[in-house]
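Analysis of the macromolecular model
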Amino acid sequence: MTSKDNSRMETLEEYIIQNQNRFPGATGELSQLLRDIGLASKIISREVNKAGITNILGFDGSTNIHGESVKKLDLFADQQLISALNRSLITCMVISEENDGIVKLSSKGGKYIVYLDPLDGSSNIDVNVSIGSIFSVYMREARYDATVREQDALQPGVRQVAAGYVLYGSSTILAYTTGLGVSVFTLDPSIGEFILSDRKIKIPDHGPIYSINEGSYNSWDMGLKKYIKYCQEEDPDTNRPYSARYIGSMVADIHRTLIKGGIFIYPHSKKYPSGKLRLMYECNPLSFIIEQAGGMATDGHKRIMELEPEAIHQQTPIYIGSKKNVQKVMDFLNEYSTVNV
Ligand code: AHM
Ligand code: MG
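Presented here is an overview of the structure given in this document. (Residues numbered from 1 in each chain as written. Chains lettered and ligands numbered in written order. Predicted model: local features only at pLDDT ≥ 70, side-chain atom pairs only at ≥ 80, totals over all residues. Heavy atoms only, no water.)

1. Details of the environment of Ile320
Tracing the chain through its elements places Ile320 in strand β15 (residues 318–321). Residue Ile320 is classed as buried on the basis of its relative accessible area, which comes to 0%. Along the sequence, Ile320 and Leu258 sit 62 residues apart, while their C-alpha atoms lie 9.9 Å from each other. Setting aside its immediate chain neighbours within four residues, Ile320 contacts Ile254, Thr257, Gly262, Ile263, Phe264, Leu286, Ser287, Ile290, Met296, Ala297 and Val326. (Helix = DSSP H or I, 4+ residues; strand = E, 2+ residues; numbered from the N terminus. Buried < 20%, exposed > 50% of the residue type's maximum accessible area, 1.4 Å probe, protein only. Contact = heavy atoms within 4.5 Å.)

2. Topic: the site of ligand 1
Asp120, Gly121, Tyr246, Met250 and Tyr266 are the nearest of the 17 residues found near ligand 1. Between Glu97 and ligand 1, the recorded distance is 3.0 Å, taken from a side-chain N or O atom to an oxygen atom. A distance of 2.8 Å is found between an oxygen atom of ligand 1 and a side-chain nitrogen or oxygen belonging to Asn213. Alone, ligand 1 offers 470 Å² of accessible surface; in the complex the protein occludes 85% of this. Mapped onto the shell around ligand 1, the elements with two or more residues apiece are β5 (112–120) and β13 (263–266). Split by domain, the shell around ligand 1 shows at least three residues from each of two domains, domain 1 (12–198) and domain 2 (209–335). (Near = heavy atom within 4 Å. Polar contact = N/O pair within 3.5 Å; in protein donor to acceptor, adjacent residues only side chain to side chain. Areas by Shrake-Rupley, 256 points an atom, 1.4 Å probe, with all protein chains shown as cover. Domains from an automatic or database assignment.)

3. Notes on the coordination of the magnesium ion (ligand 2)
Within the protein, the magnesium ion (ligand 2) binds to Glu97 (OE), Asp117 (OD), Asp120 (OD) and Glu282 (OE); these donor distances fall in the range 1.9 to 2.6 Å. Positions of the donor residues of the magnesium ion (ligand 2), expressed as sequence spacing, correspond to E-x19-D-x2-D-x161-E. With respect to class, Asp117 is no different from Asp120; both count as buried. (Donors = N, O, S within 2.8 Å, 3.2 Å for Na, K, Ca; no water.)

4. Digging into the sheet that holds strand β7 (residues 162–168)
Adjacent strands of a sheet form backbone hydrogen bonds with each other and so pair up, either parallel or antiparallel. In spatial order, the strands read β4-β3-β5-β6-β7-β8-β9-β10; together these eight strands make up an open sheet with mixed pairing. Two strands close off the open sheet at either side, each with one partner strand: β4 (103–104) and β10 (193–198). Where strand β9 (residues 182–188) and β10 come together, five bridges link them in antiparallel fashion. Along β10, the bridge assignment pairs Thr186 with Ile195. Against the sheet, helix α5 (residues 250–260) contacts β5, β6 (131–139), β7 and β8 (172–177), and its axis sits at roughly 105° relative to β7. Sheet strands touched by helix α6 (residues 279–292): β3 (91–96), β5, β6, β7, β8 and β9. Its angle to β6, the strand with the most contacts, is close to 85°. (Pairing = 2+ DSSP bridges. Axes fitted to C-alpha atoms, helices over the stretch in contact; angles between N-to-C directions.)

5. Some remarks on the packing of helix α1 (residues 12–21) against helix α2 (residues 29–49)
Each packed pair of helices is defined by two parameters, the angle between the axes and the distance between the axes. The N-to-C vectors of α1 and α2 enclose an angle of 170°; their axes lie 10 Å apart at closest approach. In terms of orientation, α1 lies roughly antiparallel with respect to α2. Mapping the contact onto sequence places Leu12, Glu13, Ile16, Ile17 and Gln20 in α1 and Ser31, Leu34, Arg35 and Gly38 in α2. Split into classes, the residues belonging to the contact of α1 with α2 amount to four nonpolar, three polar and two charged. (Parallel < 35°, antiparallel > 145°, perpendicular 65-115°, else oblique. Nonpolar A, V, L, I, M, F, W, Y, C, P; charged D, E, K, R; others polar.)

6. Overview of a positive patch on the surface
Residues Arg22, Lys200, Lys202 and Lys323 make up a contiguous surface patch of positive charge. Mapped onto the fold, Lys200 is located in the loop between β10 and β11 (209–211). Relative accessible area serves as the criterion here: at 54%, Lys200 is assigned to the exposed category. (Patch = residues over 30% accessible without salt bridge, like charges linked within 9 Å, V, L, I, M, F, W, Y side chains within 5 Å. Salt bridge = Lys/Arg side-chain N within 4 Å of Asp/Glu carboxyl O. Lys, Arg positive; Asp, Glu negative; His and termini not counted. Charge placed at Lys NZ, Arg CZ, Asp CG, Glu CD.)

Below, the structure written as structure tokens:
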């Protein structure tokens, strides 16, 4: 959008308030929560952009609950998001990739529970590759009970009331859904505002791109091996061979998939028998976004958002993207389900 179009610019704040006004009984609390996340992500974006010129790059020396080294920016992002959510007193607890247990916030009566991956793809920070933040929001079921329990957070993805991501790439993009389609905003750094860039984005039904870490090929199931070979075969009618694209930052890979179509896969393997990616703060929120844009997300057999969670940090395989691509890989997985690798 050029400066000539300024009169038509709609900021994230305006957009959230207008949407809230469409629901006469709305309390405005979810709107506030989304604005809190918007504000925190602007601060994170600023730090990510100057990471190379400040002392913030590098490890802080500790490891998170998955045994991975924690980078300073991960902690910074975690703190910014949690303190933004704490200030508005509508969230009772946060579950974050960077914290082992639940994080109880000041408002014990707050009606929302928020899952966060504060800085996903953080191994890419040092090499200037895109990274992102992911969030997923649930209503607390026992909301007048003052005791905040981990059990309240174990809800299937179909119960999310909002979810979204922020991608810190060549520009900073925020995409979110409350179940009425996916809206996308681009941060204009000159005015410090997220500007609406797409009101109801749709993912193509089919896309000629596959995205997977092929280094683990030898430990995949036969059905997946056959599907990837299918992607590489020549067939002009179905746009094959597909292109391979893998950034290694899930938010960036999913954002490309949303725009261009195709499929992103993180399967189970010998190294990750249950998959690597986390159901509650990576797979569910990104599945909600992709489904709301008209796509599909499964664990190879079942819809991701219908999986019953047993633990806040549990992992799952994921096959996510354009409907036709996801259906195709599931056909391969079913056909070869009894064949050993
Ligand atoms: P992280 O949460 O520790 O950053 O790990 C998650 C990331 C995803 O963004 C990405 O899709 C995946 O790990 C890449 O894993 P791999 O390097 O095994 O391909
Ligand atoms: Mg992550």
